[in-house]
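Coordinates in review
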Amino acid sequence: TPKLILDTDPGGDDSLAFLWLLSLVKQGLAELVAVTAVDGNVHARLTFAAAAKLLALCGYESVEVARGVIGGSEGDAEDAGDIHGADGMGNLSHTLPEPAQSYEAARYSDEVLIEKLKQAPGEITIIAIGPLTNLAAAEKKSPGVLRLAKEIVIMGGAFAAPGNITPEAEFNIAYDPEAAQLVFATCDNLIVLPLDVTRHVVFTPAMAEQVMEVAPTSPISKFVMGLCKFMVGTALAFRETEGQQGFLVHDASTLAYLFYPETLRFRRGQVEIEILGQWTRGKTLLDNRHKVKPGANAWVATEIDSVNLLALMIEDLKVLVKD
Ligand code: BDR
Ligand code: CA
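Residues numbered from 1 in each chain as written. Chains lettered and ligands numbered in written order. Predicted model: local features only at pLDDT ≥ 70, side-chain atom pairs only at ≥ 80, totals over all residues.

So, on to the overall build of the protein. Scanning the protein from N- to C-terminus turns up 12 helices and 12 strands. Relative to its length of 323 residues, the protein is compact, with a C-alpha radius of gyration of 18 Å against a globular reference of 20 Å. The C-alpha extent of the protein, read off along each of the three principal axes, is 55 × 45 × 35 Å. Across the 323 residues that make up the protein, the buried fraction comes to 52%. (Helix = DSSP H or I, 4+ residues; strand = E, 2+ residues; numbered from the N terminus. Rg over C-alpha atoms; globule rule 2.2 N^0.38 Å. Buried ≥ 20, exposed ≤ 12 C-beta atoms within 10 Å, placed from the backbone.)

What follows is the structure in structure tokens.
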């Protein structure tokens, strides 16, 4: 079973991806070594709380949650509380169990990343579904540490597709472009799921209903339904889904890569992060001029089978909500 660290800023789509991952843990298909919360969609204090609550909701409170490093290029991008809810989870956090872990007592995410990667070199995969601030902080403190990861699976970037936070840039990269640049410059074990593919993954209330049907009274299915309703509202308001009743679960594509790779196609290349551009800061670039060259740092997803991906996710969520 793969050993995983989830680096996340819940986040509506983070929350759904998180639950999908916990279902895979429940099925014995994954081991969750730690959750490193990161500052992003909402403040680090809130992403920590959301992560701890999701674990408590599903009975995995024993998994350590670390608190996000604050820093990077603060002020570059606004947070996304208007899309994900002020608490990062559709304003539903008050309906979830109070976790035992406290923000004040928690370790910082960079420290936990360094410790876990050094304990099991080559064994741990990092799933990074927020800004890359924690990863960059770990690399700065302990140069070379990110190369100890088996793989780093990143939701981020936009290549041919337009951005979502600026015309050219995607949120996770644009929130802390220097952090992203450091990660892309020091690693060659990167898997990138950009907006080009993730924008096709639309989770609808009808899908939440399918999960609800197998366990109507489960607090997890109620949460999935409530979150979906909230996120659909803001997705429509921000015109993210072209009027479709649903919301974009960008972050779930990382799990599809790890557990259902047949739903994705990739190309290998050298990804660079634009940090200087007046209009393009935070943009990801892939050198498409040549065939695969030695020295490339990433596999970048180019195609996605969103229909199958969503069907597989729903089946796994059903397993999670059933007793
Ligand atoms: C990414 O930005 C965040 O708002 C989402 O959670 C996702 O990780 C999409 O651009
Ligand atoms: Ca996210």
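Following the structure, the description resumes.
Before going further, it helps to spend a moment on the sheet that holds strand S3 (residues 65-66). Strand order in the open sheet formed by 8 strands is S3-S2-S1-S4-S5-S6-S12-S9, and the pairing between neighbours is mixed. In this open sheet, the two strands that pair with only one neighbour each are S3 and strand S9 (264-269). Where strand S4 (residues 124-128) and strand S5 (residues 151-155) come together, 4 bridges link them in parallel fashion. Its bridge partner lying in S5, Thr125 is registered against Glu151. This element, helix H2 (residues 44-58), spans strand S1 (3-8), strand S2 (31-37) and S3 of the sheet and lies at about 155° to S2. (Pairing = 2+ DSSP bridges. Contact = placed C-beta atoms within 7 Å. Axes fitted to C-alpha atoms, helices over the stretch in contact; angles between N-to-C directions.)

Right, let's get into the confidence of the model for the protein. Counting all residues, the mean pLDDT for the protein is 94, and 97% of those residues have values of 70 or more. Quick note on the complex model: pTM equals 0.96, ipTM equals 0.99. (pLDDT = per-residue confidence, 0-100.)

Counting buried positions over the 6 residues of S1 gives 5, a clear majority of the element. Direction of pairing for S1 relative to S2: parallel, over a ladder of 6 bridges. Bridging from a neighbouring strand, Ile5 pairs with Ala34 of S2. Looking at chain direction, S1 and S4 are connected through 5 bridges and run parallel.

Direction vectors running N to C along helix H1 (residues 12-26) and helix H10 (residues 219-237) enclose 155°, while the axes themselves pass 10 Å from each other. When the axes of H1 and H10 are compared, the pair comes out roughly antiparallel. In the crossing of H1 with H10, the sense of the turn from one axis to the other is left-handed. Between H1 and H10, the contacting residues are Gly12, Ser15, Leu16 and Leu19 on the first element and Ile220, Val224, Leu227 and Met231 on the second. Residue composition of the contact of H1 with H10, grouped by class: 6 nonpolar, 2 polar and no charged. (Parallel < 35°, antiparallel > 145°, perpendicular 65-115°, else oblique. Left-handed = near helix turned anticlockwise from the far one by under 90°. Nonpolar A, V, L, I, M, F, W, Y, C, P; charged D, E, K, R; others polar.)

All of the buried residues in helix H7 (residues 177-186) are Pro177, Ala179, Ala180, Leu182, Val183 and Phe184. Taken together, the buried residues of H7 touch helix H5 (133-141), helix H6 (171-175), strand S6 (190-193) and strand S10 (271-273).

With that settled, the discussion passes to unusual backbone geometry. Peptide bonds are, in most cases, trans, and in most cases residues other than glycine have a negative phi. The omega torsion of the bond from Pro10 to Gly11 falls at -15°, within 30 degrees of zero and hence cis. Its place among the elements puts Gly11 in the loop between S1 and H1. The phi dihedral of Glu242 falls on the positive side, at around 50°, and the residue is not glycine. Take Glu242: it is sitting in the loop between H10 and strand S8 (247-248). The exposure class assigned to Glu242 is exposed, which follows from the 9 C-beta atoms found within 10 Å.

A few words on the site of ligand 1. Neighbouring ligand 1 are 14 residues, the closest being Gly11, Asp13, Ala80, Phe171 and His250. Those elements that provide at least two residues to the shell around ligand 1 are H1 and H6. (Near = placed C-beta within 6 Å.)

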